[in-house]
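Here are the chains, one letter per residue:
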Amino acid sequence: MQKKENQEVENRPDNTAFTQQRLPAWQPILSAGIVIPLFVLVGLAFIGIGVALFVTSRNLHVLEMDYTGVEKTSPCFSCSDPIKQKNCKCSLSFELDKLFEGPVFFYYGLTNYFQNQRAYGVSKDYNQLSGDLDYFTFFFSIVPDSTCKPYRYDVNNKPIVPCGSLANSMFNDTFNLYQMKNGVKEEVPLDGKGISWWTDYNIKYRNPSVNPLRNAFNGTVKPLYWSKPAYELDPTDTANNGFINQDFLVWMRRSALPNFRKLYRRITDGLPAGNYSLEISYNYPVIAFDGKKKVAFSNVSWMGGKNEFLGIAYLVIGSLCLVMSVVMLIIYHWRNSSPDAN
Amino acid sequence: MPWMSPLARIRDALAGQRARDKDLRNLVSNLPYEGLDKWKQPNRHFRNNGIKTTKYSVLFFIPMNLFEQFHRLANLYFVGLAILNFVPVVQAFEPEVALIPICVILALTAIKDAWEDFRRYKSDKKLNRLPCFVYSSKEKCFVEKRWKDVRVGDFVKVESNDIVPADLLLLYTSDPNGVCHIETANLDGETNLKQRRAVPGVCITVSNTDILLIIHAVIRTGCLGFSHPDLVLKQHLVYLKGHETKAMLNNNGPRYKRSRLERRLNIDVIFCILLLFTMCIIGSLGHYLWLESMPSVPLYLVPQTDGHLDTPSLSSFYKFFSMIILLQVLIPISLYVSIELVKIGQIYFITNDLDLYDEETDATIQCKALNITEDLGQIQYIFSDKTGTLTENKMVFRRCSIMGREYPHKENECVRRALKMYIYKIKILMFTKSLPPNQQETEVILDQKLLRQIRGTEKIDAYQDFFLALAICNTVVVSMATAKRLRVSARLTAEFQQTNQSNPLDTLSSLVRRAGSWTRLRAPITSETSANDLTTQGQSVNQTGGQTCSLHVPPQGTAPAVPAGKLCYEAESPDEAALVHTAKAYGFVLMSRTPDSVTVQLPSGAQLRFEVLDTLSFDSNRKRMSVLVRHPISKQCILYTKGADYAIMELLETPYGEKQQKAIASDTQQHLDCYAKEGLRTLCIAKKVLCDGEYESWAVQRQHALAAMDNREQLIMDSAVQIETNLCLLGATGVEDRLQDSVPDTVMTLREAGIQVWVLTGDKPETAVNIGYACRLLEQDDLVINMSCKRNSPCIPRYSEDPRNVDTTPDISLVIDGRTLTMLMSPDLRDRFVDLARHCRSVLCCRVTPLQKSEVVKLIREKLKVMTLAVGDGANDVNMIQAADIGVGISGQEGMQAVMASDFAISRFKHLKKLLLVHGHWCYSRLANMIIYFFYKNAANVNLLFWYQFFCGFTANAMIDHWLMIFFNLLFTSVPPIMFGIMDKDVSAEMLLGLPELYRTGQGKGEYSFFTFWISMLDAFYQSLVAFFIPYFTYRGSDIDIYAFGTPLNTISLFTILLHLSIEIKAWTIVHVFIILGSVTLYFIVTLAYGVRYLNYSGYWTLQAQMVDPMFYLVCLISTVIALLPRYLFHVLKNSITCSPIVEARHLDTLEPSTRDQWIKEWRSFRGRVQDKTSDVSSVSYADPKASLASLSYSSNGYIRSSDSNKTIGAL
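The name an unreviewed UniProt entry gives chain B is Phospholipid-transporting ATPase, with Neogobius melanostomus as the organism. The Cofactor (unreviewed entry) comment attached to chain B in UniProt states, word for word, "Mg(2+)".

Labelled according to an unreviewed UniProt entry, chain A appears under the name Cell cycle control protein, originating from Neogobius melanostomus.

## Some words on the overall build of chain B
The helix and strand tally for chain B stands at 40 helices and 30 strands. Burial status across chain B gives 60% buried among its 1212 residues. Taking contacts inside chain B between residues at least 6 apart in sequence as the whole, the part at least 24 apart equals 77%. Taken as a whole, chain B presents about 48200 Å² of accessible surface, with 59% of it coming from carbon and sulfur.

## Some points on the interface of chain B and chain A
Taken together, the 98 residues of chain B in the interface contact 82 residues of chain A. Summed over both sides, the interface of chain B with chain A buries roughly 8200 Å², with 62% coming from carbon and sulfur. On the chain B side of the interface with chain A, the three residues burying the most area are Leu-299, Tyr-300 and Leu-354 of chain B, jointly 10% of the side's total. Connecting chain B to chain A are three salt bridges. Salt-bridge contacts for Arg-22 of chain A lead to Glu-990 of chain B; the nearest nitrogen and oxygen are separated by 3.0 Å. Linking chain B to chain A there are 22 residue pairs in polar contact (both at pLDDT 80 or more). Looking at the side of chain B that touches chain A element by element, the count peaks at 17 residues for helix α36 (residues 1110-1137) of chain B.

## Remarks on the UniProt feature "transmembrane region" (unreviewed entry) in chain A
The positions UniProt marks with the feature "transmembrane region" (unreviewed entry) are residues 29-55 and 312-334 of chain A. Counting secondary structure, residues 312-334 of chain A comes out at 100% helix and 0% strand; the distance between its end C-alpha atoms is 33 Å.

## Description of the state of the cysteines
Going through the model one piece at a time under the given rule, you end up with three disulfides over all chains. Paired through a disulfide, Cys-79 of chain A and Cys-88 of chain A show a sulfur-sulfur distance of 1.5 Å. Around the S-S axis, the bridge from Cys-79 of chain A to Cys-88 of chain A shows a dihedral of about -60° and counts as left-handed. One exposure class covers both Cys-79 of chain A and Cys-88 of chain A, and it is buried. Along chain A, the cysteines that take part in disulfide bonds pair up as 1-4, 2-3, 5-6, counted in sequence order. Here Cys-674 of chain B stays unpaired: no disulfide links it, and the sulfur of Cys-400 of chain B, its closest cysteine neighbor, is 13 Å away. The exposure class of Cys-674 of chain B is partly exposed, given its relative accessible area of 35%.

## A look at the sheet that holds strand β2 (residues 88-96) of chain A
Strand-to-strand pairing in sheets goes through backbone hydrogen bonds, with the strands running parallel or antiparallel. All names here are of chain A. Spatial ordering of the open sheet is given by β2-β7-β4-β5, a layout of four strands whose pairing is antiparallel. Both edges of this open sheet fall to β2 and β5 (184-187), since each of them pairs with a single strand only. Averaged over all neighbouring strand pairs, the angle between strand axes comes to 30°, with direction disregarded. Here strand β4 (residues 174-181) runs beside strand β7 (residues 274-282); their pairing, made up of seven bridges, is antiparallel. When the sheet's bridge partners are listed, Leu-177 is paired in β7 with Leu-278.

## Let's talk about the pairing of strand β28 (residues 868-872) of chain B
Residues and elements named next belong to chain B. With five of five residues buried, β28 is to be regarded as a mostly interior element. Neither face of β28 is open: one carries Thr-868, Ala-870 and Gly-872, the other Leu-869 and Val-871, and all of them are buried. Judged from the four bridges that link them, strand β11 (residues 381-385) and β28 form a sheet pairing that is parallel. Looking at the pairing, Ile-382 lines up with Leu-869 of β28. In this structure, β28 lies alongside strand β29 (residues 886-890), joined through four bridges in parallel fashion. Following the sheet pairing, Gly-872 is matched in β29 by Gly-889. As a crossover connection, the stretch from β28 through helix α26 (residues 878-883) into β29 is right-handed.

## Regarding the UniProt feature "binding site: Mg(2+)" (unreviewed entry) in chain B
Residue and element names in this part refer to chain B. According to UniProt, the positions carrying the feature "binding site: Mg(2+)" (unreviewed entry) are Asp-385, Thr-387, Asp-873 and Asp-877. Judged by maximum C-alpha separation, these annotated positions cover 493 residues in sequence but sit close together in space, the widest gap being only 10.4 Å. Note that Asp-385 resides in strand β11. In this structure Asp-385 touches Leu-390, Leu-760, Lys-853, Val-871, Gly-872, Asp-873, Asp-877 and Met-880, once residues within four positions along its chain are discounted. Of the polar contacts made by the side chain of Asp-385, one reaches the side chain of Thr-389; its length is 3.3 Å. Along the chain, Asp-877 turns up in the loop between β28 and α26. Here Asp-877 is in contact with Asp-385, Lys-853 and Gly-872, once residues within four sequence places are set aside. Here the side chain of Asp-877 touches Lys-853 through a polar contact of 2.7 Å, side chain to side chain.

## A closer look at empty space enclosed by the protein
Residue and element names in this part refer to chain B. A full pass over the atoms with the stated rule returns 14 cavities of 30 Å³ or more. As a volume, the largest cavity reaches approximately 330 Å³. Taken together, 22 residues line the largest cavity, and the ones lying closest to its centre are Pro-101, Gln-328, Val-329, Ile-333 and Ile-966. Those elements giving two or more residues to the lining of the largest cavity turn out to be α3 (73-84), α4 (95-128), α7 (312-327) and α29 (962-972). With five residues, the top contributor of residues to the lining of the largest cavity is α29. A class-by-class count of the residues in the lining of the largest cavity yields 16 nonpolar, six polar and no charged.

## So, the sheet that holds β28 of chain B
Residues and elements named next belong to chain B. Sheet architecture is open: nine strands sit in the order β10-β30-β29-β28-β11-β24-β27-β26-β25, paired in mixed fashion. Looking at the sheet topology across the chains shown, the edges are occupied by β10 (366-367) and β25 (783-787). Relative to strand β27 (residues 842-845), strand β26 (residues 812-816) is paired through four bridges, and the arrangement is parallel. Across the sheet, residue Val-815 finds its bridge partner in β27, namely Leu-844.

## Notes on the side chain of Thr-973 of chain B
Residue and element names in this part refer to chain B. Examined against the element boundaries, Thr-973 turns out to sit in the loop between α29 and α30 (975-983). The exposure class of Thr-973 is buried, given its relative accessible area of 0%. Within polar-contact distance, the side chain of Thr-973 engages the side chain of Lys-937 at 2.9 Å.

## Digging into the confidence of the model for chain B
All names here are of chain B. Across chain B, the average pLDDT comes to 74, with 74% of residues at 70 or higher. The low-confidence segment residues 239-243, where pLDDT is below 50, has 30 contacts with residues more than four positions distant or belonging to other chains. Under a pLDDT of 50 for its full length, residues 481-564 has, in the predicted model, 205 contacts with residues more than four places off or in other chains. Interface confidence for the predicted complex, given as ipTM, is 0.95, next to a pTM of 0.79.

About the thresholds
- Every chain begins its residue count from 1, and numbering advances along the sequence as written.
- Each chain is given a letter, starting from A, and each ligand a number, starting from 1, according to the order in which they appear as written.
- The model is predicted, so local features are restricted to residues of pLDDT at least 70 and side-chain atom pairs to those at 80 or more, both for listing and for counting; the totals for chains, interfaces and linings are taken over all residues.
- By convention in this description, side-chain values take in all heavy atoms of the structure and omit both hydrogens and water.
- UniProt positions are given in the numbering used here, feature names are shortened, and annotations may be inferred rather than shown by experiment.
- Here a strand is any run of E in DSSP of at least two residues, a helix any run of H or I of at least four, and the numbering for each starts at the N terminus.
- Residue exposure (1.4 Å probe, protein chains only): buried if accessible area is under 20% of the type maximum, exposed if over 50%, otherwise partly exposed.
- By definition, residues are in contact when any of their heavy atoms lie within 4.5 Å.
- All accessibility values rest on the Shrake-Rupley procedure with a 1.4 Å probe; residue burial counts only the protein chains present in the view.
- Once two parts are joined, some of their accessible surface, as seen by a 1.4 Å probe, is lost; buried area is that loss totalled over both.
- Think of a salt bridge as a Lys or Arg side-chain nitrogen and an Asp or Glu carboxyl oxygen that are within 4 Å of each other.
- A 3.5 Å cut-off defines polar contacts: any pair of N or O atoms within that distance qualifies, except that in protein one atom must be a possible hydrogen donor and the other a possible acceptor, and neighbouring residues in sequence count only when both atoms are side-chain atoms.
- Counting rule for disulfides: a pair of cysteine sulfur atoms within 2.5 Å.
- Here the rule is simple: two strands pair whenever DSSP picks up at least two bridges between them.
- Here, axes are lines fitted to C-alpha atoms. For helices the fit covers the stretch in contact, and angles between N-to-C directions go from 0 to 180 degrees.
- By convention, a crossover is right-handed whenever its connection, traced from the first strand over the helix to the second and viewed with the strands pointing away, goes clockwise.
- In the cavity and pocket records, a cavity denotes points on a 1 Å grid over the protein atoms alone where a 1.4 Å probe fits but cannot get out, a pocket denotes an open set with protein on both sides within 12 Å along at least 5 of 7 lines, and lining residues are residues with an atom within 4 Å of a point.
- Grid points are joined across faces, edges and corners, and a volume is the space filled by probe spheres set on the points.
- Note that Gly is not counted as nonpolar here; it falls among the polar residues with everything else outside the nonpolar set of Ala, Val, Leu, Ile, Met, Phe, Trp, Tyr, Cys and Pro and the charged set of Asp, Glu, Lys and Arg.
- Confidence per residue, as judged by the predictor, is encoded in pLDDT with a range of 0 to 100.

This is the structure in structure tokens:
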């Protein structure tokens, strides 16, 4: 009989909060009364953040100069066609009326340069760049990686190292900064160490463990547009060659937007007020795509470079929230009084 | 197995094919061949009895399942896209990666299918392993074998209450008449017992140890003598097996219903495709312009392998396809899978609802259609059957009229009330094991006057005739209380239902399939022999009509007197049972029934054995049935007929000058009308005495009709009509069909919910109208338009000419007669009828046929473009159930046919209330919001990529790593919307039940409309603009790299999408919190882990680097806030300013339960005053449907008055 009883209620659903959909629930109703304090809080917080951002940004200085040389008055006009003018040099003078506190970041900038386009981005061989020697040599059209096409082999079918469009198009203008002190040019020391990502330098990109480095590159050719092979990128510092050359690493980190800057050097001590002269060895062609070349000096803070947009945005939204809370208050009162009036 | 040449094998296989395909099947008994090799078996060509309902086999699962899945257009589309990835010119990043989503979705579906199939396999195995007894000539007895080992040509022994393993040919039964009874509920849903006879001409000698096969059984099927009735039971030759059984052959695949929401969804998917193409064309054009604008070839433009560049136009043509691949997520690949998952969840909750569980039958709601749950929330019209749906379909004899005199059985009424409380506690017939079915219910309190009348006379007068007719004229089967019918199938069926439920995507079909071999065996209905002594007693039995080779003459008429109280009646219809019980109460006890005889015990104690000459069974055209018997004493041929009053009244003999007969007829008619007004079901009883000659000539015709090959049905009916003439009226009965529990309340609530309730019944208008009042379908103040017309007279309802304007009268109810309905359904009146019906509060259609029911449903559904629901319990409702958008079956007294045809099966009508108002509303609002959200989610995410195209030369590049893009949809944002679709609750169940008006929000367009879809798409565009351009302006001109830029975008997108959902979620439970937080955590964990592990990944260490930068957080914070501000404000303002019922209800929901109830009451009374002037009636308690019926039956004058004073339309 006991069993029978059990059988009879065999199909009875479990009486649990979950199956009966009676889990304790919080049912917030978004209405004026509840959101007023929220809006006030958010508004105040945002205004606070906005002020902080705005003030910080105001205290930052940035100096940006175009040296493309499109206009005839530009000092680099003569160099603007690098096909005709090999190893052209020009210099840019500028004056600082107040101190640029250190560290000052020295950027080069390009506009209208689509590092982010698709075919360009994939045109590289990671195995090569991580120092795998197997990918240096020609091996039945398997290495280097086919993504490098057409910058994979030269006309003699020798593999290009580093292969691919991305490496091939590496920015190759170089800069020297001089401070004019009483008519004497005094070179400002530029710090090129640690300008790339730590992980790029230490983990992601590796040189083949061959000493000297140049032996690893036997049987390969340098990229078409390069003037020097990869193992001679920095003649001053042998450790800064190959795939872990800082400038190379900076270039290989593709920029997100077509108008970008890339870090060139760091000026640790800052730039005191005065006259400066920037000597440029002008190599990189940009006329072909209506591009511009720039240099920029900027000091940075916790929020990065100078950018007033975010601060203003916070201020606007914060104020908007406060206004909204007032509107809500009005609605709240209107709602609360109207049913009683009825 | 000995060696056989391949050629011989092929020949053998071909021969087998021929044998199977032949119309005429020659079967040989397996006995002589027992133990021989397989290839020597004569019946080897036939398939074995094993049932296989599984779709797949282990070996071919993958190809078969893939083939199945690629039938879906959506899947093909996605596979096409995946293939497009491998076309080189399209320059997909990693084509392999693009395969992941489609593979995951295919795999998910395959796992689901495999799981279902495995369950089917398990249940098949269980079924195939059931034991049965097969005769073995070696063992010289019946040995136990498993079902699947039964072969064609075997002799099978089936015992009482066994389940029949295959289609069988009945050779022998333990019953002396060669009769057995079977129940076919698993096959056709009919719960009544059916008689089957052993094959005439087959003679079997049964001895203690051996079976001598006298006839070498060469049995031909399809020949007349072997038509259906002989096919089943007891000791048989198996002639059809497993897959060839009728049940398996009749099993069609499940029908596929598409919900309205899904249809609209598909339109929106097309919109999405158009949007995608627009975006791709923009991208492609942009790319062209970008290339054209370059003065010469820059360094960053990568030429083709051979060093030259494609022309801009060709390149932009390729970019079009690249864009499609990039932005393909806009067409929600996972939406279809998600919807299925959501519906599984919704159905899980529906089936687990305790309120939809019926204690008495131990039955929960069964959801058979799995893809129309949301339609439950949009119903506008309900078409209901009356008997068994609104009422209990448990008939109780109430009144009768004999020879023009009325016997009201007043005591009956009083006692019934006292018993009422007890009666409701009684278990329902079907599942009761301890209580004899209907015992308490059918206890008839005798009318003393009538009793005196019977006792007073000894001669066979009209009174005796009346009760004899009640006892004889039926198809009730008598069984012993001790050998009661065991519901063997009950447990098994329940098990299958369970399988079916927990296996939600499985379909009805499996149930039907399995039911195939489940025809249940019933014990023979004789008192002499028990089923078990078949082999031990060693008797050989003469089969009816066969050549005698009998060793044992079955005893006749020597049945020991069985105490009448222990008899148990099993009737096809509850009416019959009620009448037989009544006869028994008055002393006319139906003792036994065989095909040839009926034994009735008279009040005097004498037993009369009537020879049954013929039974003219009931059909819906004649609306009556007759039994032709030979009186044992007078040897007269007597025809007893019972049927619907109008079917009998027109056949009465017209006695010349015999006034008495006429008076009786008119008096009886009067009583009948009175009964009908009380809501009783009426039946007329008549008899006719035939002279022998008359019978002889008729019998010949009858034999012809029965033997006819063509047009048999019609001929049989004609022959019946021929003899059912010149009847002599004996009297009439009134049987009550009680209203089900809380039907009036349910009807009222459904109406308040804006649902029009129509009742379509086969009953008389008077009965229907009274039930209509009782269940509050009609109100006392209603204007009742009664449309009925005389036969064959043209009938044009001119309601438009009615002085009262229909539009201004609020409560119009329409009562339509079946005949009138036929005319109204004619093409020229159709539109006007629909127009009128639309203005009516309720419509009652009486005397309608099953076909008409479905026509009405179709008409309303198509003309008014509304969502319809049909609810019914009987076979006559099947058409209607299938015609409606949603068919609901009530598993009640009339078998399973309605349930099998239905989409949802409930056990009580009142469950409809919660099913529609709560679950329907929830399911609809959940699914609608989920789908909208899904479109939004994908659009918001994909648009980020689109905006980026403007900054990367439209080269179809992405600033987010491909893997992360795929994970974004697959992992980070997939679970929350599914949970949202399963578990969100906009308003609590109490509020939905308390305020039925809330249901109206789902009707018509509801929450998922053109408007809401585009609003959310616009929102998606806005949010993606914010999520893109705030970081853009922040990082513009800086040295940020591509993936470092993409990371905040992706993060903002995630937060926006999840917080958007949080705004939409109406009720937060721990599950919601857990899943939302879980998704965010998963995003960070996966992205961080991915950034560490993958050296090839260009975004190596990106998120890590970003997360130490405060700007990242500041950008994410403000972008998310700006993106969500408009929606948030919109919700706040909507909730604060407008006062939609849902919002009000949600406000009420937050109150304390007691104050909330107060509010609900106030709200309802306020609305009631406005809408429903009869709301004061609602204060009357209708907890007792009986009382309400009684009280209303007194006011039945009200009905007459109202229909008289108001205009009666028709018969113009």
